[in-house]
Amino acid sequence: PRSIWLSRHGESMYNLSGQLGGDADLSPGGQLYAAKLPSLVLDSVGDRPLTIWTSTLKRTQQTSRFLQYRQLQWKALDELDAGVCDGMTYAEIEEKYPEDFKARDDNKFEYRYKGGESYRDVVSRLEPIIMELERQENIMIVTHQAVLRCLYAYFMNVDMSESPWMEVPLHTLIKLDVRAYGTTVTRIKADI
Ligand code: F6P
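Residues numbered from 1 in each chain as written. Predicted model: local features only at pLDDT ≥ 70, side-chain atom pairs only at ≥ 80, totals over all residues.

## Things to note about the overall build of the protein
Along the protein, the regular secondary structure elements total 8 helices and 6 strands. Secondary structure of the protein in N-to-C order comes out as β-α-α-β-α-β-α-α-α-α-β-α-β-β. Dimensions of the protein along its principal axes, counting C-alpha atoms only, are 50 × 40 × 25 Å. Going through the 192 residues of the protein one by one, you find that 34% of them count as buried. When contacts within the protein are restricted to residue pairs at least 6 apart in sequence, those whose partners lie at least 24 apart make up 62%. (Helix = DSSP H or I, 4+ residues; strand = E, 2+ residues; numbered from the N terminus. Buried ≥ 20, exposed ≤ 12 C-beta atoms within 10 Å, placed from the backbone. Contact = placed C-beta atoms within 7 Å.)

## Looking at the pairing of strand E2 (residues 51-54)
Where E2 and strand E3 (residues 70-73) come together, 4 bridges link them in parallel fashion. Residue pairing in the sheet places Thr51 in a bridge with Arg70 of E3. The handedness of the E2 to E3 crossover, carried by helix H3 (residues 58-64), is right-handed. As judged from the 4 bridges shared by E2 and strand E4 (residues 139-143), these two strands associate in the parallel manner. Paired with Ile52 across the two strands is Met140, which belongs to E4. (Pairing = 2+ DSSP bridges. Right-handed = clockwise from strand over helix to strand, strands pointing away.)

## A look at the site of the ligand
Around the ligand, the structure places Asn15, Leu20, Gly21, Glu79, Leu80, Ala82, His144, Gln145, Ala146 and Pro164. Along the lines of polarity and charge, the residues of the shell around the ligand split into 5 nonpolar, 4 polar and 1 charged. (Near = placed C-beta within 6 Å. Nonpolar A, V, L, I, M, F, W, Y, C, P; charged D, E, K, R; others polar.)

## So, the environment of Thr54
Within the secondary structure layout, Thr54 lies in strand E2. C-alpha separation for the pair Thr54 and Arg179, spaced 125 residues apart in sequence, amounts to 24 Å. Ignoring any residue separated from it by four or fewer positions in sequence, one finds Thr54 in contact with Thr60, Gln61, Ser64, Gln71, Gln73, Leu77, Val142 and Thr143.

## Let's talk about the sheet that holds E4
The 6 strands are arranged E3-E2-E4-E1-E5-E6 in an open sheet whose pairing can be described as mixed. Both edges of this open sheet fall to E3 and strand E6 (182-189), since each of them pairs with a single strand only. In this sheet, neighbouring strand axes are inclined to one another by 20 degrees on average, regardless of whether the strands run parallel or antiparallel. When strand E1 (residues 3-8) meets strand E5 (residues 172-179), the two strands line up antiparallel, connected through 4 bridges. Along E5, the bridge assignment pairs Ser3 with Asp177. Helix H8 (residues 145-155) rests against E1, E4, E5 and E6 of the sheet, and its axis sits at about 155 degrees to E1. (Axes fitted to C-alpha atoms, helices over the stretch in contact; angles between N-to-C directions.)

## A few points about unusual backbone geometry
With a phi close to 60 degrees, Asn157 is a non-glycine residue in the positive phi region. Assignment of secondary structure puts Asn157 in the loop between H8 and E5. On the basis of neighbour counts, which here come to 8 C-beta atoms within 10 Å, the residue Asn157 falls in the exposed class. One non-glycine residue, His171, lies in positive phi territory at about 55 degrees. Within the secondary structure, His171 sits in the loop between H8 and E5. Accessibility expressed as a C-beta count within 10 Å gives 21 for His171, which makes it buried.

The following block contains the structure:
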């Protein structure tokens, strides 16, 4: 049976400051995760062939840079676009756009940032990715929190409206074994 590996990028400088979106570099902790990833992946993948998919943002490529497999970048794997809130912290959004902050809290799946995207928008732009994944053998995807939540919900057969609440922590390699009766999950936490 085939497997799919999922990982968020290592901790970024924006993760440290609590800012959304952007195109920040990895933090020192994130760089440590990138350095540990090759052995984590090798232990789990063994000698099977693997292709790595990343987004077009620096932090995913900095995370996968030491992995010795074929790599492909997809724009469709870029993080949920926070529009006018890109680069802000949640506290700044609550202060500057209190109604939006509340609207997102009321319906996180449907809420679309001004000039940006909703989780529902991300689910629809992931359709070609999912179609391609279904045709492929072993793939590892290094991408972003919101995108991974949508992919995770899809493979776990969870209703897409639940995507915003899937647990996809940093510095954890998630292995999905896709089987006829359902997907089994293994979480491999890097010690950093
Ligand atoms: O904070 C990291 C991040 O990937 C942001 O770039 C993104 O806006 C956010 O997580 C998505 O999480 P949530 O939907 O819970 O705000």
